[in-house]
Amino acid sequence: MPAAPQPFPKPQQPVEEPELLQLGTAEDHPCLRADAARNRARLLEAAARLVAEHGAAGVTMEAVAAAASVGKGTVFRRFGDRNGLLLALLDHSEKKFQAALLGGPPPLGPGAPPVERLRAFGRALLCRSADELELQLAADPGADRRFSNAPRRFLRGHVTMLLRQAVPDADCELLALTLMGYLDPAAIHYLTKGCGMPVERLEAGWDDLVARVTCTEPPC
């Protein structure tokens, strides 16, 4: 059994309002030279393949360099160390997910009723977590910052916003915290790996939970 992944560095402090978070370092500036940006994208794609095939514990700087057909020094210069590489990989995934919430097509993005968006949000996050579960677990900030780190606070803020639209008389902040507990990567790991539940059952459970919280009918 591979060794457990090393923990990530602590993320930045959270923001107050839901907005597209910049989770990476200053080196990840969007104005990178075209060749450097292509090189970085190729390295991240190689790392993502390795995570999918071998899990986060199997990702090394040497393996990523070989998979991307570049020298090991290139990987170290780009990401610093293994933790920096894994953080950049998760950062890339997080930004894509946030962009889909803020400006993607409905129902995940704007334009659909709040309950439909809430259902789509949970299903999309379940699928994302299932696809990169080891990476998500490796990035766990620990109990002291699990609810206050920037990415999870952004997601909880999004759920709170949708709940305020759907059930304005409820204590939406507490409800959002409860709903996000259902989508916690550690819980998903336990249910899928420990209990053998398929993701489809978790998706149906999410739909049922949303229906009960919002007093609406679950989708057929």
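Above this text is the structure in question.
Note that the coordinates shown come from a computational prediction; the quantities given were computed from them, not determined experimentally.

Conventions adopted
Residues take numbers from 1 onward in each chain, read along the sequence in its written order. Local features in this predicted model are restricted to residues of pLDDT 70 or higher, and side-chain atom pairs are both shown and tallied only at a pLDDT of 80 or more, whereas totals for entire chains, interfaces and linings draw on every residue. Here the side-chain values reflect all heavy atoms present in the structure, with hydrogen atoms and water set aside. Secondary structure elements are taken from DSSP: a helix is a run of H or I of four residues or more, a strand is a run of E of two residues or more, and numbering for both begins at the N terminus. Side-chain atoms alone can form a polar contact between residues adjacent in sequence; in general such a contact is a pair of N or O atoms within 3.5 Å, and within protein one must be able to donate a hydrogen while the other accepts it. Working rule for contacts: check all heavy atoms of both residues, and any pair within 4.5 Å makes them a contact. Between Lys or Arg on one side and Asp or Glu on the other, a salt bridge is scored when a side-chain nitrogen of the former is within 4 Å of a carboxyl oxygen of the latter. Patches here are clusters of residues that have more than 30% relative accessible area and form no salt bridge, with a 9 Å joining cutoff for like charges and a 5 Å cutoff for nonpolar side chains (Val, Leu, Ile, Met, Phe, Trp, Tyr). In these tables, accessible area is a Shrake-Rupley quantity obtained with a 1.4 Å probe, and a residue counts as shielded only by the protein chains included in the view. Buried residues are those whose accessible area, probed at 1.4 Å on protein chains only, stays under 20% of the maximum for their type, while exposed residues exceed 50% and partly exposed ones sit between those limits. The axes are straight lines fitted to the C-alpha atoms, using for helices just the contacting stretch, and the angles between their N-to-C directions are given from 0 to 180°. Just so you know how the angles are binned, under 35 degrees is roughly parallel, over 145 roughly antiparallel, 65 to 115 roughly perpendicular, and the rest oblique. Here a crossing is taken to be left-handed if its near helix is turned anticlockwise relative to the far helix by less than a right angle, and right-handed if that turn runs clockwise.

Counting through the fold element by element, Thr74 comes out in helix α3 (residues 72-79). At 3.2 Å, the side chain of Thr74 and the side chain of Arg77 are in polar contact. Discounting residues that sit within four places of it in the chain, Thr74 has contacts with Asn39 and Leu43.

Within this structure, the stated rule accounts for 9 salt bridges. A salt bridge links Glu203 to Arg123; the nearest nitrogen and oxygen atoms lie 3.3 Å apart. Remark: Arg123 occurs in helix α5 (residues 114-131) and Glu203 occurs in helix α10 (residues 199-214); sequence separation between them is 80 residues. When salt bridges with common partners are traced through the structure, they connect Glu94, Arg128 and Glu132 into a single cluster.

On the surface, a cluster of nonpolar side chains totalling about 300 Å² of accessible area is made up of Phe147, Leu174 and Leu177. For Phe147, the position within the fold is in the loop between α6 (133-138) and α7 (150-166). Relative accessible area serves as the criterion here: at 51%, Phe147 is assigned to the exposed category.

The omega torsion of the bond from Pro106 to Pro107 falls at 10°, within 30 degrees of zero and hence cis. Secondary-structure assignment places Pro107 in the loop between α4 (82-103) and α5. Phi at Ser69 is positive, roughly 60°, even though this residue is not glycine. With respect to the element layout, Ser69 can be found in the loop between α2 (61-68) and α3. One non-glycine residue, Cys215, lies in the positive phi region at around 55°. Along the chain, Cys215 falls in the segment after α10.

A few words now on the packing of α4 against α5. Orientation of α4 relative to α5, taken along the N-to-C sense of each, is 165°, at an axis distance of 12 Å. The pairing of α4 with α5 is recorded here as roughly antiparallel in orientation. Judged by the sense of rotation from one axis to the other, the crossing of α4 with α5 is right-handed. Contacts between α4 and α5 involve Leu90, Ser93, Glu94, Phe97 and Leu101 on the former and, on the latter, Arg117, Phe121, Ala124, Leu125 and Arg128.

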